[in-house]
Amino acid sequence: MPETICLLDMTTPERADRLREFLPDGFVLTHGTARGDEHMKQIIAEADYAISGQVGVSGDVLRAAKKLKLLHKWGVGYDNIDIATAKELGIKVARTTGSNAVAVSEFAVGLMISTMRHIAYGNAELKKGNWRTGQLPSDTYTLSGKTVGIVGLGAIGKNVAKLLKGFGCTILYSKRTPLDAAEEASLGVKHASMEDILTQADVVSLHCPLTPETKDLIDLAALKKMKKTAVLINVARGGVVNETDLVTALRAKEIAGAAMDVYEIEPLPADSQLLTLDNLVTTPHLAAMASDNFAPVVKRMFANMQHVSRGEPVPPLDLVV
């Protein structure tokens, strides 16, 4: 009898069919057709394996699963998965460590340029019939030669540093455990305190996980320490930035601009104040989405499920619990 893999995110039949192209023998795929915990409880109930993309997975959802062996995160961040309940229920949790590093890092650099040069603003205004040359939300700046502060230097942060070397940037980074001198030299980065990053960087780019320590890391006090001409980029997790404080700072021109791809509540509510700001670029959690990254990630997730199906361990790099 085939084993069932359930994609918990709401998706289209066409996207589900793309996933099915890579299904190993002996597996079938189902998927979400609505949002919310109640729907997820229904579709996870008979699943042997589940995939979580952008949706959070609560303890209540996990308890509705009758035979779940593995919950696989599509990507890296698992802060919205109830790990404690998964451990209690004996459900393995895995992720695709490093799989989206290139896609997310390229997106982050794209947001830096878009924010500093008002590309998204100019595009949106021109489509409204407004020719805004000379009427931009703030001055425009090149990325080349600027100081960039990277908060969190994992696989994504390191790739951002590699890309920025081509722009001749001075790169500061914040990380709990600094790199050794040889790796710092190879990447062209220098360890710095958060204080130094906030006060010295022209661009502050967030690539850290959401933890109790990083929750609201960027609040109004932090934003006021940044240069008036600086920009903030968040492709990490929404909760790392206090959104209310960011709105206040951008309206007061405490910083020149910001770009957000992740939010405290997703999908972002249509009445969010973040959507009212000309000096904020907003995108709907797109950073990891790249068509040429789709097949490798899907194959890797399915391979991990095959490991579990055969009674084999999940590779240590991907295993969370």
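Only a predicted model underlies this, so the values are computations on that prediction, with no experimental measurement involved. (Residues numbered from 1 in each chain as written. Predicted model: local features only at pLDDT ≥ 70, side-chain atom pairs only at ≥ 80, totals over all residues. Heavy atoms only, no water.)

(A) Quick peek at the environment of Arg176. Of note, Arg176 is situated in the loop between strand E7 (170–174) and helix H8 (181–187). Residue classification places Arg176 among the exposed positions, given a relative accessible area of 75%. (Helix = DSSP H or I, 4+ residues; strand = E, 2+ residues; numbered from the N terminus. Buried < 20%, exposed > 50% of the residue type's maximum accessible area, 1.4 Å probe, protein only.)

(B) Representation of the sheet that holds strand E4 (residues 70–73) within the structure. The parallel open sheet is built from five strands, whose spatial order is E2-E1-E3-E4-E5. Each of the sheet's edge strands pairs with one partner strand only, and the pair in question is strand E2 (27–32) and strand E5 (92–94). The average angle at which neighbouring strand axes cross in this sheet is 20°, direction not considered. Where E4 and E5 come together, three bridges link them in parallel fashion. Residue pairing for E5: Leu71 is matched across the bridge by Val93. Taken strand by strand, helix H2 (residues 37–44) contacts strand E1 (3–10), E2 and strand E3 (49–52), and its axis lies near 170° from that of E1. (Pairing = 2+ DSSP bridges. Axes fitted to C-alpha atoms, helices over the stretch in contact; angles between N-to-C directions. Contact = heavy atoms within 4.5 Å.)

(C) Expanded view of the pattern of salt bridges. Evaluation of the coordinates by the stated rule reveals 15 salt bridges. For the salt bridge of Lys67 with Asp48, the shortest nitrogen-to-oxygen distance reads 3.8 Å. Separated by 19 residues along the polypeptide, Lys67 in the loop between helix H3 (59–63) and E4 and Asp48 in the loop between H2 and E3 bring together distant segments of the chain. The class for Lys67 is partly exposed, based on a relative accessible area of 36%. Residue classification places Asp48 among the buried residues on the basis of a relative accessible area of 6%. Note that Glu125 is salt-bridged to Arg132, the shortest N-O span being 2.9 Å. One salt-bridge network, held together by shared partners, links Glu125, Lys128 and Arg132. (Salt bridge = Lys/Arg side-chain N within 4 Å of Asp/Glu carboxyl O.)

(D) Spotlight on the packing of aromatic side chains. The tally for this structure, following the rule as stated, stands at three aromatic pairs. Ring plane angle 55° and centroid distance 6.2 Å describe the contact between Phe22 and Phe294, whose orientation is recorded as tilted. Within this pair, whereas Phe22 is found in the loop between helix H1 (13–20) and E2, its partner Phe294 is found in helix H12 (residues 291–309), the two being separated by 272 residues in sequence. A residue is classified by how much of its surface remains accessible, and Phe22, at 23% relative accessible area, is partly exposed. Residue class for Phe294 comes out buried when judged on its relative accessible area of 6%. A centroid spacing of 5.8 Å and a plane angle of 50° characterise the contact between Phe27 and Tyr49, whose relative ring orientation is tilted. With Phe27 in strand E2 and Tyr49 in strand E3, this pair connects stretches of sequence that are 22 residues apart. Just as Phe27 is buried, Tyr49 falls in that class too. Following the ring pairs from residue to residue traces out a cluster consisting of Phe22, Trp74 and Phe294. Directly above the aromatic system of Phe294 lies the positively charged group of Arg18, at a separation of 4.0 Å from the ring centroid. (Phe/Tyr/Trp six-rings, centres within 6.5 Å; stacked < 30°, edge-to-face > 60°. Lys NZ or Arg CZ within 6 Å of the ring centre and 35° of its normal.)

Just distances and angles here, no functional claims.
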